[in-house]
Amino acid sequence: MPRFRPILDEMAAYRPGKAVVSADGRSFKLSSNESPYEPLPSVLEAIASAAAEVHRYPDPACVRLTEALAERFGVPPEHIALGAGSVTVAQQLFATVSDPGAEVIYAWRSFEAYPLLADLAGAVSVRVPLADETHDLTAMAAAITPETRMIFVCNPNNPTGTVNRAAELTAFLDQVPGDVLVILDEAYREYVRDAGVPDGVGLYADRPNVAVLRTFSKAYGLAGLRVGYLIAHEPVAAAVRKTMVPFAVNSIGQAAAIASLAAEDELLERVETVVKERTRVREALLGQGWQVPPTEANFVWLRLGDRTLEFADRCAVDGVAVRPFAGEGARVSIGSPEANDTFLAAAESFGAHG
């Protein structure tokens, strides 16, 4: 029998959102924060064109995509590192800092891949509880020790959708030692409408230990192609590029991401539609008596406690898949109006005070 790392016996595998089907054949997947829209026609054209060249290896340095991102954000190309989705870029980050005993701080609950990636890298997870469903930055700053190597701030937070605003975030960054890397995980940045929430690209500029993590999976609708990126000062970006698996970002993903940036104005009109649906869904849930924190992402969060799995099962009866976290709550993505209406009907049937 081959010998494996002992940590594998203790780890729970990542659990992606699943789809369900009702008895009458309906299926609405609101469990993975995916865009309800297919790629724009110009992006589909770029995908089709790139598909004709899949017998060739992709550009390992992602030169054209790197240049497009640099132009889009007004940063040097040397400040960009790419990977197969932002979760893989996060894995690359763990690989850059995780010596034995290295500590990584993150809020909990936050993105559920953080503990998995920490365990795989041999890092020590330091989980700081949320306060009112939001990152407690004061407590996170207090958790820093000489062994701290990296801190993740997921803003908006997954799965609660809550945000930290400029004054508190800046005050937090001022307390972090310069040799501790802070990752602003902004996978849902395009959905933010709260003017008080800072753009991480503006914060990183004069802070060499701050980096911004983003993705083409959510607002850009390219979840199936796996393209994520980091914006950071050159020493950080260069270290992350060293840990990238060769050819990790495939040629179709690169072409689709470039085309998506070129069509960004049109694409963001769709994002605005999702934001309007988000407001409608949250207001309807509040009207039903649910406690739903303000959200700046493309999902809502319901704190359900021991009713969580029962709630998910009730939604599944109507063909609606939500993302339950047993004993805590459920995250529900914003989908098409039909999907959202079906979910709202299921939530009302279940009852906020049952």
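Residues numbered from 1 in each chain as written. Predicted model: local features only at pLDDT ≥ 70, side-chain atom pairs only at ≥ 80, totals over all residues. Heavy atoms only, no water.

Digging into the pairing of strand E6 (residues 181-185)
Which entries qualify depends on this criterion: Per-residue accessibility, obtained with a 1.4 Å probe over protein chains only, is compared with the maximum for each type, and a residue is labelled buried under 20%, exposed over 50%, and partly exposed between these values. Put simply, DSSP H or I for four residues or longer makes a helix, DSSP E for two residues or longer makes a strand, and each gets a number counted from the N terminus. Note on pairing: two strands pair once DSSP finds at least 2 bridges between them. The handedness of a crossover follows from its direction of travel: if, with the strands pointing away from the viewer, the path from the first strand over the helix to the second runs clockwise, the crossover is right-handed.
Within E6, five of the five residues are buried, which leaves it mostly tucked inside the rest of the structure. Because side chains alternate across E6, one face comprises the buried residues Leu181, Ile183 and Asp185, and the other comprises Val182 and Leu184, equally buried. Relative to E6, strand E5 (residues 148-154) is paired through five bridges, and the arrangement is parallel. Considered in E6, the bridge of Cys154 is made with Asp185. Regarding the hand of the β-α-β motif, the stretch spanning E5, helix H7 (residues 166-175) and E6 is right-handed. In this sheet, strand E7 (residues 210-215) lies alongside E6 in parallel orientation, the contact comprising four bridges. Its bridge partner being in E7, Leu184 is matched across the sheet by Val212.

A short note on the UniProt feature "domain: Aminotransferase class I/classII large" (unreviewed entry) in the protein
We count it as follows: UniProt positions are given in the numbering used here, feature names are shortened, and annotations may be inferred rather than shown by experiment.
The sites that carry the UniProt feature "domain: Aminotransferase class I/classII large" (unreviewed entry) are, in the present numbering, residues 28-344. Structurally, residues 28-344 comprises 40% helix and 17% strand, and the distance from its first C-alpha atom to its last is 12 Å.

So, the UniProt feature "modified residue: N6-(pyridoxal phosphate)lysine" (unreviewed entry) in the protein
Filter applied, for reference: Note on contacts: a residue pair qualifies if any of its non-hydrogen atoms lie within 4.5 Å across the two residues. Nitrogen and oxygen atoms within 3.5 Å of one another constitute a polar contact, given that in protein one can donate a hydrogen and the other can accept it, and given that sequence-neighbouring residues count only through two side-chain atoms.
The UniProt record marks Lys218 with the feature "modified residue: N6-(pyridoxal phosphate)lysine" (unreviewed entry), using the residue numbering of this structure. Tracing the chain through its elements places Lys218 in the loop between E7 and strand E8 (228-231). Not counting the four nearest positions on each side in its chain, Lys218 is found in contact with Ser32, Asn33, Ser35, Ala187, Tyr188 and Tyr191. In terms of polar contacts, Lys218 uses its side chain to reach the backbone carbonyl oxygen of Ser32, at 3.5 Å.

Some remarks on helix H2 (residues 41-51)
The criterion, for reference: This arc is taken over the directions from the axis of the helix to the C-beta atoms.
Those residues of H2 lying buried are Val43, Ala46, Ile47 and Ala50. Take H2 and look down its axis: the buried residues cluster within an arc of 100 degrees, on one side only. Facing away from the buried side of H2 by more than 90 degrees, the exposed set consists of Pro41, Glu45, Ala48 and Ser49. Contacts made by the buried residues of H2 are with helix H10 (251-262).

Some remarks on the environment of Lys18
Assignment of secondary structure puts Lys18 in the loop between helix H1 (7-10) and strand E1 (28-29). Along the backbone, Lys18 and Lys29 are 11 residues apart, and their C-alpha atoms lie at a distance of 7.1 Å. When sequence neighbours within four positions are dropped, the list of residues in contact with Lys18 reads Lys29, Ser31 and Ala321.

Quick word on the pattern of salt bridges
Inclusion rule: Whenever a carboxyl oxygen of Asp or Glu lies within 4 Å of a side-chain nitrogen of Lys or Arg, that contact is scored as a salt bridge.
Under the defined criterion, the tally for this structure stands at 16 salt bridges. With its nearest N and O atoms 2.8 Å apart, the salt bridge here joins Arg303 to Glu133. On the criterion of sequence distance, the pair formed by Arg303 in strand E9 (residues 299-303) and Glu133 in the loop between strand E4 (124-129) and helix H6 (137-142) is long-range, its members being 170 residues apart. Take Arg303: its relative accessible area is 43%, and that puts it in the partly exposed class. With a closest N to O distance of 2.6 Å, Arg214 and Glu186 form a salt bridge.

Quick look at the packing of helix H12 (residues 308-317) against helix H13 (residues 337-350)
Threshold: Here an axis means a line fitted to C-alpha atoms, over the contact stretch when the element is a helix, while the angle between two N-to-C directions is reported on a 0 to 180 degree scale. When an angle is under 35 degrees it counts as roughly parallel; over 145 it counts as roughly antiparallel; between 65 and 115 it counts as roughly perpendicular; any other value is oblique. The sense of a crossing depends on the near helix, which, turned anticlockwise from the far helix by less than a right angle, makes the crossing left-handed and, turned clockwise, makes it right-handed. Note that Gly is not counted as nonpolar here; it falls among the polar residues with everything else outside the nonpolar set of Ala, Val, Leu, Ile, Met, Phe, Trp, Tyr, Cys and Pro and the charged set of Asp, Glu, Lys and Arg.
At a minimum axis distance of 9 Å, the contact between H12 and H13 shows a crossing angle of 130 degrees. Between H12 and H13, the crossing angle belongs to the class labelled oblique. By crossing handedness, the relation of H12 to H13 is classed as right-handed. Residues Glu310, Phe311, Arg314 and Cys315 of H12 form the contact with H13, whose participating residues are Phe343, Ala346, Ala347, Ser349 and Phe350. Grouping the constituent residues of the contact of H12 with H13 by class yields six nonpolar, one polar and two charged.

Some remarks on the sheet that holds E4
In space, the seven strands of this open sheet follow the order E2-E8-E7-E6-E5-E3-E4, with mixed pairing throughout. Each end of this open sheet is capped by a strand with a single partner; those strands are strand E2 (80-83) and E4. On average, adjacent strands in this sheet sit at an angle of 25 degrees to one another, irrespective of strand direction. Strand direction decides the pairing type here: strand E3 (residues 103-108) and E4, joined by six bridges, are parallel. The partner of Trp108 across the bridge, within E4, is Pro129. Together, E2, E7 and E8 form the strand contacts of helix H3 (residues 63-73), whose direction differs from that of E2 by roughly 130 degrees. Contacts from helix H4 (residues 86-97) reach E2, E3, E5, E6, E7 and E8, with the element oriented near 160 degrees to E5.

Observations concerning the packing of helix H11 (residues 264-287) against H13
At a closest axis distance of 11 Å, the pairing of H11 and H13 adopts a crossing angle of 10 degrees. It follows that H11 is roughly parallel to H13 by the angle criterion. On H13, the residues that touch Glu277, Arg280, Val281, Ala284 and Leu285 of H11 are Pro337, Asn340, Asp341, Phe343, Leu344 and Ala347. In terms of residue class, the contact of H11 with H13 is built from seven nonpolar, one polar and three charged.

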